Amino acid sequence: MVDTIRTLKLLGKWSANRAVGRRRPVIAVFSMTHYCNFYCPMCPFGDADKEGQIQLARRNDLTTEQWKLVFDKVARHCVWAIIEGGEPTSRPDFIELVKYLHGIKMPVTLITNCSLLHVIDLDELKKYIQFVTCSIDSTFEEPYCKVRGVTPQMYRRVMDNLRLLSKHGVPHYFNSVITKYNTQEFIDGTYFERAKELGANAVSFTFVEDRSDVDYSLLPDRQTMIEVCRSILEHIKSGRSPQVMIPSAYFEQIIEHGRGLFDECGVWKSIFVNGNGTVMVPCWKFNSPENTYSLLEHSVEEIWSAPQWDIARTCHDCEVLGCIWYSSQPVSTFARNYMRGLGKMISQKSPELAEAV
Ligand SMILES: C[S@@+](CC[C@H](N)C(=O)[O-])C[C@H]1O[C@@H](n2cnc3c(N)ncnc32)[C@H](O)[C@@H]1O
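Residues numbered from 1 in each chain as written. Predicted model: local features only at pLDDT ≥ 70, side-chain atom pairs only at ≥ 80, totals over all residues. Heavy atoms only, no water.

### What about empty space enclosed by the protein?
Under the definition given, this model contains three cavities of 30 Å³ or more. Estimates place the volume of the largest cavity at around 90 Å³. Looking at the largest cavity, it is lined by 13 residues, and the ones nearest its centre are Cys265, Cys283, Cys315, Asp317 and Cys318. In this structure, the second largest cavity spans a volume of roughly 40 Å³. Along the walls of the second largest cavity sit Leu10, Lys13, Trp14, Asn17, Arg24, Pro25 and His77, which together make up its complete lining. Here the lining of the second largest cavity is built from residues that sort into three nonpolar, two polar and two charged. (1 Å grid on protein atoms, 1.4 Å probe; cavity = no way out; pocket = protein on both sides within 12 Å on 5 of 7 lines; lining within 4 Å. Points joined across faces, edges and corners; volume = space filled by probe spheres on them. Nonpolar A, V, L, I, M, F, W, Y, C, P; charged D, E, K, R; others polar.)

Below you can see the structure in the form of C-alpha cells.
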C-alpha cells in the first residue's frame with residue numbers, strides 16, 4: 001500500500017523548491033549491482049566477461065548496510081524508487097533490500113530481465129513492491145535471443161517466469177527496447193497480442209539509445225522507425241489492451257523529426273545511484289571522476305548544488321531514449337498520458353493514490 005500522505009508531502013516540498021528555482025530529484029533509480037547474467041549488446045552491463053563482472057561487483061557493489069544508508073538519504077526527497085542494475089534480483093540480499101524500502105514507505109518499481117523470478121518468493125515480493133517492469137524486448141524467441149544475447153532455453157525460462165507473475169498476482173507491465181532486431185512484431189502488431197496473452201495490461205517502449213563505447217548501431221533505419229511508430233500509434237488510437245504507457249507525442253515526434261523533442265533535459269528530476277553508491281552529474285554520459293559524487297560522503301542537497309548541472313540545461317544528446325524524453329516533457333503531457341496508465345495499474349493496489357494521480 002502506498003503512503004499517500006508521504007507522497008503528497010514530498011511532492012509539496014518538491015514544488016515549493018521548484019517555485020524558488022531550486023531543483024531536487026523526485027524519483028530515485030538504484031542500480032543495485034554491476035553484475036548482470038544477460039549479454040544485451042545495447043547495454044554496458046551486457047559485457048561478455050562475466051567472471052570479470054562478478055569480481056567488479058564483489059569489489060564495488062555497496063553492501064546491504066550501505067544500500068540501506070543510501071535509501072534513507074534518498075527517501076527524504078523521492079516519492080518513488082526504481083530498482084534496476086545490472087540484474088537486481090541477482091543480489092543475495094535482494095528481498096531484504098526491497099523489504100527495507102517498503103519499511104521506509106518507499107513505493108518500488110522493480111526493473112528486471114525476469115530470468116531469476118522462479119527462485120524468488122513472489123508472494124513475499126508482492127508485499128514490498130508496487131510493480132515489476134519486465135524487460136521483454138521481443139515476445140518471439142529469435143529476436144528476443146538476439147536483443148538479449150541469450151539462449152532459447154533462457155527465453156523459455158523468462159516466458160515461464162512471466163506466467164508465474166500472473167499466477168501469483170504480481171502487478172507488472174512490459175518494457176521493450178526497440179532495436180533493428182525486433183521491429184517486425186511492432187509493425188504487424190503481434191507484440192501487443194502476445195504481451196496480452198503473457199499477462200501484460202500495459203506496455204512501455206523506447207527506441208534504443210546507441211552506446212558511445214562501441215562501434216555498432218542497433219537503431220533501426222529511419223523508414224522502419226516510422227513504420228514502427230505508425231503501428232504503435234494505431235494501437236494507441238484503437239484503445240485496445242494492452243495500454244501504451246508512452247504518450248503518442250513521442251512516436252509522432254520520431255516520425256516527424258527522427259528524434260524526441262524537448263526544451264530542457266529533465267534528468268535532474270531523478271537521482272540515479274550507481275552500484276557503488278556514486279551519482280554522475282548530470283548523467284552517465286558525463287562519466288569522469290570530477291563529475292562523480294559518492295552518496296556515502298555527500299548529501300543529495302550538496303550533489304544537486306554542483307555546478308555541472310548547468311550542462312543539462314542545453315544538452316540534447318539523448319535523441320530517442322524514452323525515459324529522458326519523458327522526464328523532459330511539461331508536467332501536463334506527463335500527467336495526461338503516463339499517469340493514466342500508471343493510475344490504472346496503481347488502482348489494483350492503492351485506489352486512493354490512483355485517485356490522486
Ligand atoms: C540496464 S537494465 C537493468 C535491469 C535488468 N537487468 C533488465 O534487463 O531489465 C534496465 C533497462 O534498461 C534498458 N536498456 C539497456 N540498454 C539500453 C539502451 N541502450 N537504450 C535503451 N534502453 C536500454 C533495458 O532493456 C532495461 O529495460
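### Section: helix H3 (residues 64–75)
When the terminal C-alpha atoms of H3 are compared, their 16 Å separation across 12 residues agrees well with the 16 Å that a helix rising 1.5 Å per residue should span. Buried within H3 we find Thr64, Trp67, Lys68, Val70, Phe71, Val74 and Ala75. Buried residues in H3, looked at end-on, bunch into an arc of 165°, giving them a common side. Summarising the contacts, the buried residues of H3 are in contact with helix H1 (4–19), strand E1 (27–31), helix H4 (94–103), strand E8 (270–273) and helix H12 (300–304). (Helix = DSSP H or I, 4+ residues; strand = E, 2+ residues; numbered from the N terminus. Expected span 1.5 Å × (residues − 1). Buried < 20%, exposed > 50% of the residue type's maximum accessible area, 1.4 Å probe, protein only. Arc of directions from axis to C-beta. Contact = heavy atoms within 4.5 Å.)

### A word on the environment of glutamate 87
By the secondary structure assignment, glutamate 87 is in the loop between strand E2 (80–84) and H4. Residue class for glutamate 87 comes out buried when judged on its relative accessible area of 2%. Separated by 55 residues in sequence, glutamate 87 and methionine 32 have C-alpha atoms that sit 7.6 Å apart. Here the side chain of glutamate 87 touches asparagine 113 through a polar contact of 3.0 Å, landing on its backbone nitrogen. (Polar contact = N/O pair within 3.5 Å; in protein donor to acceptor, adjacent residues only side chain to side chain.)

### A short note on the packing of helix H10 (residues 222–238) against helix H11 (residues 248–257)
In the contact formed by H10 and H11, the axes pass within 9 Å of each other and the chain directions differ by 150°. By the angle class used here, H10 and H11 are roughly antiparallel. In terms of crossing hand, the pair formed by H10 and H11 is left-handed. Note on element contacts: H11 touches H10 through Ser248, Phe251, Glu252, Ile254, Ile255, Glu256 and His257, opposite Arg222, Met225, Ile226, Cys229, Arg230, Ile232, Leu233 and Ile236. For the contact of H10 with H11, the class distribution of residues is nine nonpolar, two polar and four charged. (Axes fitted to C-alpha atoms, helices over the stretch in contact; angles between N-to-C directions. Parallel < 35°, antiparallel > 145°, perpendicular 65-115°, else oblique. Left-handed = near helix turned anticlockwise from the far one by under 90°.)

### Comments concerning the pattern of salt bridges
Scanning all chains against the criterion turns up 14 salt bridges. Close ionic contact of arginine 91 with aspartate 93 constitutes a salt bridge, the shortest N to O distance being 2.8 Å. Arginine 91 gets classed as buried once you look at its relative accessible area, which sits at 10%. Among the residues examined, aspartate 93 registers a relative accessible area of 10% and is labelled buried. The salt bridge partner of aspartate 160 is arginine 163, with a shortest N-O separation of 3.4 Å. Placement of both aspartate 160 and arginine 163 in helix H7 (residues 152–167) is noted, with a separation of three residues, approximately one turn of the helix. Each of Glu65, Lys68 and Glu96 takes part in one network of salt bridges that share partners. (Salt bridge = Lys/Arg side-chain N within 4 Å of Asp/Glu carboxyl O.)

### With respect to H10
Working note: α-helix, 3.6 residues per turn, so residues spaced by three or four point in the same direction. Between its first and last C-alpha, H10 extends 24 Å over 17 residues, near the 24 Å set by a 1.5 Å rise per residue. For H10, the full list of buried residues reads Thr224, Met225, Ile226, Val228, Cys229, Ser231, Ile232, Leu233 and His235. Residues of H10 that are buried in the fold lie against strand E5 (172–178), helix H8 (184–187), helix H9 (190–197), strand E6 (202–207), strand E7 (243–244) and H11. Backbone nitrogen of glutamine 223 and a side-chain oxygen of the N-cap are separated by 3.1 Å at the start of H10; the cap is aspartate 221. The first or second residue beyond H10 is glycine 239, which carries a positive phi of 75°.

### Things to note about the nonpolar core
Burial of nonpolar side chains together is a common tendency in soluble globular proteins. If you look at the biggest cluster of nonpolar residues, it comprises 97 residues, and the most contacted ones within it are Phe30, Phe174, Phe205 and Ile271. With sequence-adjacent residues up to four places away left out, isoleucine 271 is seen in contact with Pro25, Ile27, Ala28, Val29, Val74, Cys78, Val279, Leu295, Val300 and Trp304. (Core = buried A, V, L, I, M, F, W, Y, C linked by side-chain atoms within 4.5 Å.)

### Section: the sheet that holds E6
Judged by pairing direction, the sheet is parallel, and its eight strands sit side by side in the order E7-E6-E5-E4-E3-E2-E1-E8 without closing on themselves. A single partner strand is all that each edge strand has here, and the edge strands are E7 and E8. As judged from the three bridges shared by E2 and strand E3 (residues 108–112), these two strands associate in the parallel manner. Opposite isoleucine 82, over in E3, you have threonine 109 as the bridge partner. (Pairing = 2+ DSSP bridges.)

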